[in-house]
Amino acid sequence: MKYKTKKYFSFASHSAFGTSLRAWLKILWQNNFLIHPFFIPKAIFISSVIFLSTPFRLYERIRFRKKIKRAEIKNPVFIIGHPRSGTTFLHYLMCKDPSFAYCTTTQAMIPHLFLSASNFFSVLISKALPETRPMDNLKMGIDLPKEEEFALVAYGPESIITGYYFPKNFLINLSKNVLFNGNKLQAEKNWKKHFGYFLRKLTLVNPDKRILLKSPANTARIKQILSLFPGAKFVHLSRNPFDVFQSHLHLFTKLLPMLSFQQISDKELEEVVFSTYIRIYEKYFAERELIPPGNLVEVRYEDFTADPMNHLEKIYCKLSLPGFEKAKPLIEEELKTYKDYSKNKFTLSNDLAEKIATRFRFALDRFGYDRNFKRD
């Protein structure tokens, strides 16, 4: 994989700036400080900012400690599905419902500071953010929904985002800090602690609202989520695995230049994409039956995008979520902003299509997709 120097030294929107010093050191330690020499200046600069902002994080933690502890979280709604399955589009639409609270971009980028310094940092973040997401050109903004996974990495390595910082260790991080394989009880305990703490902070600024969350990594955390929120509700979005593979690979090529502290070859990256899909869905298929009846809706991306309003109404109905009629006009207005949106188009070689068909056969069959790749 070839990288452009300019991209790697564009620090402004890096998600690590909001990390606590302790979490940052743990992330570096778990990855053996294996930073490519080319990225050492980047790591030093980010580390310096994290160190200098420590007093401000301590101030917020001490000032709001009692209020955060008292905050009571309503059973959240989780949008899940593998990365690049259309979960962001669904998230954007459902967040138009005023009955939902959600993690904003500002809150995801500065999870330790948004209670005390949100206004100040929002200005800085808004100047650093691009107008659209680099991987798919969906709009970005400080108040728009953002997946909470970026906030969790600021509390410790127990986040899939750690893998984007150290892509050569991506699968190791996935196994330990997302799948919690190998009896990783401490990692699971840490994730639950940080996740609950962050959701209490969100609840504090959104009292009496149910939180709507979107993180592809949560597709592999059903058991852990239910242990925290037995009444949690889930919307799972599946997409043709051929399209997911191509789009996920594209995601890496866009995110790594901004987030990575390592270099990774095309061959290594291809295996990361294959293995990530397989491991996430093996765990999801093993745990989905734990979800109580009536608390899970599974929708195919292709069906959803063909008729979003009809499927949203069904989602609300099946999950017994109130407020659809009130949210309907707001969601319809949001949909109008996508009328000129065009999806990314990729080319897929015959050899790679055959690999996908072979390695993702279990998911193609489970989701009802054709094993033969069809070219447009």
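Note: the structure precedes this text.
About the thresholds
- Residues numbered from 1 in each chain as written.
- Predicted model: local features only at pLDDT ≥ 70, side-chain atom pairs only at ≥ 80, totals over all residues.
- Heavy atoms only, no water.
- Helix = DSSP H or I, 4+ residues; strand = E, 2+ residues; numbered from the N terminus.
- Buried < 20%, exposed > 50% of the residue type's maximum accessible area, 1.4 Å probe, protein only.
- Contact = heavy atoms within 4.5 Å.
- Areas by Shrake-Rupley, 256 points an atom, 1.4 Å probe, with all protein chains shown as cover.
- Salt bridge = Lys/Arg side-chain N within 4 Å of Asp/Glu carboxyl O.
- Pairing = 2+ DSSP bridges.
- Axes fitted to C-alpha atoms, helices over the stretch in contact; angles between N-to-C directions.
- Parallel < 35°, antiparallel > 145°, perpendicular 65-115°, else oblique.
- Left-handed = near helix turned anticlockwise from the far one by under 90°.
- Nonpolar A, V, L, I, M, F, W, Y, C, P; charged D, E, K, R; others polar.
- Polar contact = N/O pair within 3.5 Å; in protein donor to acceptor, adjacent residues only side chain to side chain.

Section: the overall build of the chain
Counting its regular elements, the chain contains 19 helices and five strands. Taken over 376 residues, the chain has a buried fraction of 55%. Of the contacts formed within the chain by residues at least 6 apart in sequence, a portion of 81% connects residues at least 24 apart. Carbon and sulfur atoms make up 54% of the accessible area of the chain, which amounts to about 17,700 Å² in all.

Considering the pattern of salt bridges
For the structure shown, the criterion picks out 15 salt bridges. Lys214 is the partner of Glu147 in a salt bridge, and the nearest nitrogen-oxygen pair spans 2.8 Å. A residue pair is termed long-range when its members are at least 10 positions apart, and Glu147 in the loop between helix 7 (114-128) and helix 8 (149-152) and Lys214 in strand 3 (residues 210-214) qualify at 67 residues. Summarising the burial analysis for this pair, Glu147 and Lys214 share the class buried. Ionic contacts of the salt-bridge type, sharing partners, join the residues Arg288, Glu289 and Glu298 into one network.

Let's talk about the pairing of strand 4 (residues 233-238)
Of all six residues in strand 4, six are buried, a share of seventy percent or more. Both faces of strand 4 are covered, namely the face carrying Lys233, Val235 and Leu237 and the face carrying Phe234, His236 and Ser238. Relative to strand 4, strand 1 (residues 77-80) runs parallel, the two being bridged by four bridges. Following the sheet pairing, Ile80 is matched in strand 4 by His236. Strand direction decides the pairing type here: strand 4 and strand 5 (residues 296-300), joined by five bridges, are parallel. Looking at the pairing, Val235 lines up with Val297 of strand 5.

Quick notes on the environment of Gly18
Topologically, Gly18 is positioned in the loop between helix 1 (5-8) and helix 2 (21-30). Owing to a relative accessible area of 10%, Gly18 belongs among the buried residues under this scheme. For the pair Gly18 and Ile50, spaced 32 residues apart in sequence, the C-alpha to C-alpha distance is 7.1 Å. Filtering out sequence-adjacent residues up to four positions away, Gly18 remains in contact with Met109, Pro111, His112 and Ala154.

Points about the packing of helix 16 (residues 308-318) against helix 17 (residues 324-336)
Put simply, helix 16 and helix 17 touch, their axes get as near as 11 Å, and they point 150° apart. Relative to helix 17, the element helix 16 is oriented roughly antiparallel. Of the two elements, helix 16 crosses helix 17, and the hand of that crossing is right-handed. Contact residues: helix 16 offers Pro308, Met309, Leu312, Glu313 and Tyr316, while helix 17 offers Phe324, Glu325, Ala327, Lys328, Ile331, Glu332 and Leu335. For the contact of helix 16 with helix 17, a count of residues per class yields eight nonpolar, no polar and four charged.

Focus: the environment of Arg57
The residue Arg57 is located in helix 4 (residues 54-70) in this model. For Arg57, a relative accessible area of 7% gives the class buried. In the structure, Arg57 is positioned 37 residues away from Ser20 in sequence and 7.5 Å away in space, judged by C-alpha atoms. Leaving out residues up to four positions away in the same chain, Arg57 has contacts with Thr19, Ser20, Leu21, Ile50, His112 and Leu113. There is a polar contact of 3.4 Å between the side chain of Arg57 and the backbone oxygen of Thr19.

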